[in-house]
Amino acid sequence: TLVQCIKKSLLSDVCAPVHGTVLKHVPSGELTLKKSVVIVEELLVLLDGSRLIQISLHKTDYHRVHSPVDGTISELVNLEKDELFPGSEAMVIITIQTSFGDVKMMCIGEWSVQTFLVDVQAGDDVYKMYELGHFYFGSQVIVVLPDNVDVVVNEEGKERVFPGDPVGVS
């Protein structure tokens with residue numbers, strides 16, 4: 001299975017880092033993290049990004065998180081509840097420097113308990129499908145992309161993705 005996922009990841013600049021349900025288009029302009037609701041534009045300003053892909057993992061999904069891009073881990077930020085903004089969940093934000101700009105991943109654990117365990121550190125070189133860490137249970141990953149990346153998942157609604165599936169092209 002890993003070999004098949006790696007082969008799929010070679011088809012795009014950005015691949016799905018996890019197995020889950022992705023919602024690209026947020027019609028209301030608001031995004032539900034786990035418990036909090038945030039305006040998408042405000043979240044993008046906080047994270048210095050242009051667009052995002054939200055992937056929700058069900059309890060039966062594979063809970064290992066892989067790099068969506070080739071690059072270098074430039075920053076790992078562990079945030080406690082309420083630290084990103086009032087009411088925000090605990091999370092880990094991983095920034096990966098790539099040839100087309102910074103890609104950030106928000107790894108949000110179940111509700112207010114952060115269950116993401118990181119296996120990398122700043123300065124590590126990573127490639128698509130390189131394992132970054134895992135969740136124990138229930139989670140969500142938001143991939144924040146620079147403005148020169150086009151999202152290639154279904155814009156009309158929910159789509160299931162697997163690690164390595166193409167999700168962005170620069």
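Anything mentioned here points back to the structure above.
Everything quoted here is computed from the prediction, not taken from an experiment.

**What about the nonpolar core?**
Core analysis: the biggest nonpolar cluster contains 30 residues, and I53, V65, I94, L132, V141 and L145 have the highest contact counts within it. Contributing elements (two or more residues each) for this core: β5 (51–57), β8 (91–98), β9 (101–109), β12 (131–135) and β13 (139–145). In this view, L145 contacts V14, G49, S50, R51, I53, V103 and V151; residues no more than four positions away in its chain are not counted. L44, L52, L79 and M91 belong to the second largest nonpolar core, which has 14 residues in total.

**Notes on the pairing of strand β7 (residues 71–79)**
Bridge analysis of β7 against strand β11 (residues 125–126) gives two bridges, and the strand direction is antiparallel. Looking across to β11, one finds that G71 is bridged to V126. Note that β7 and β8 share seven bridges and pair antiparallel. Note on β8: the bridge partner recorded for T72 is Q97.

**Structural notes on the sheet that holds strand β6 (residues 64–66)**
One open sheet accounts for three strands, arranged β6-β12-β10; its pairing is antiparallel. Only two strands of the sheet have a single partner each, and these edge strands are β6 and β10 (116–118). Going from strand to strand, the sheet's axes swing by 25° on average, the running direction of each strand aside. Pairing of β10 with β12, which is carried by three bridges, proceeds in the antiparallel orientation. Looking at the pairing, L117 lines up with H134 of β12.

**As for the packing of aromatic side chains**
Tallying each qualifying case throughout the model produces two aromatic pairs. Residues F116 and F135 carry aromatic rings whose centres are separated by 5.0 Å and whose planes lie at 55° to one another, so their mutual orientation is tilted. Placement of F116 in strand β10 and of F135 in strand β12 is noted, with a sequence separation of 19 residues between them. Residues F116 and F135 agree in their burial class; the two are buried. On the basis of an interplanar angle of 85° and a centroid distance of 5.1 Å, the ring pair of Y127 and Y130 is categorised as edge-to-face. Look at Y127 and you get partly exposed, because its relative accessible area is 47%. For Y130, a relative accessible area of 26% gives the class partly exposed.

**Some thoughts on the side chain of T98**
Counting through the fold element by element, T98 comes out in strand β8. Within the structure, T98 has its side chain in polar contact with the backbone nitrogen of F100 (distance 3.1 Å). There is a polar contact of 2.4 Å between the side chain of T98 and the backbone oxygen of G101. Other than its neighbours up to four places away in sequence, T98 contacts V69, D70 and V103.

**Considerations on the environment of P68**
Positionally, P68 belongs in the loop between β6 and β7. For P68, a relative accessible area of 0% puts it in the buried group. Note: C-alpha distance between P68 and K128 (60 residues apart in sequence) is 5.1 Å. Residues in contact with P68, not counting those within four places in the same chain, are D13, V14, C15, P17, I96, V103, M105 and K128.

**So, the pattern of salt bridges**
This model, assessed by the stated rule, comprises three salt bridges. Here K8 and D165 are joined by a salt bridge, their closest N and O atoms 2.7 Å apart. Of this pair, K8 sits in helix α1 (residues 2–9) while D165 sits in the loop between β15 (158–161) and β16 (166–169), and the two are 157 residues apart along the sequence. We note a salt bridge from R64 to E131, for which the minimum N-O separation is 2.9 Å. Note that R64 is positioned in strand β6 and E131 in strand β12, a separation of 67 residues in sequence. Classification of R64 by relative accessible area gives partly exposed; the value is 32%.

Analysis parameters
Residues numbered from 1 in each chain as written. Predicted model: local features only at pLDDT ≥ 70, side-chain atom pairs only at ≥ 80, totals over all residues. Heavy atoms only, no water. Core = buried A, V, L, I, M, F, W, Y, C linked by side-chain atoms within 4.5 Å. Buried < 20%, exposed > 50% of the residue type's maximum accessible area, 1.4 Å probe, protein only. Helix = DSSP H or I, 4+ residues; strand = E, 2+ residues; numbered from the N terminus. Contact = heavy atoms within 4.5 Å. Pairing = 2+ DSSP bridges. Axes fitted to C-alpha atoms, helices over the stretch in contact; angles between N-to-C directions. Phe/Tyr/Trp six-rings, centres within 6.5 Å; stacked < 30°, edge-to-face > 60°. Polar contact = N/O pair within 3.5 Å; in protein donor to acceptor, adjacent residues only side chain to side chain. Salt bridge = Lys/Arg side-chain N within 4 Å of Asp/Glu carboxyl O.

Worth remembering: the numbers are spatial, not functional.
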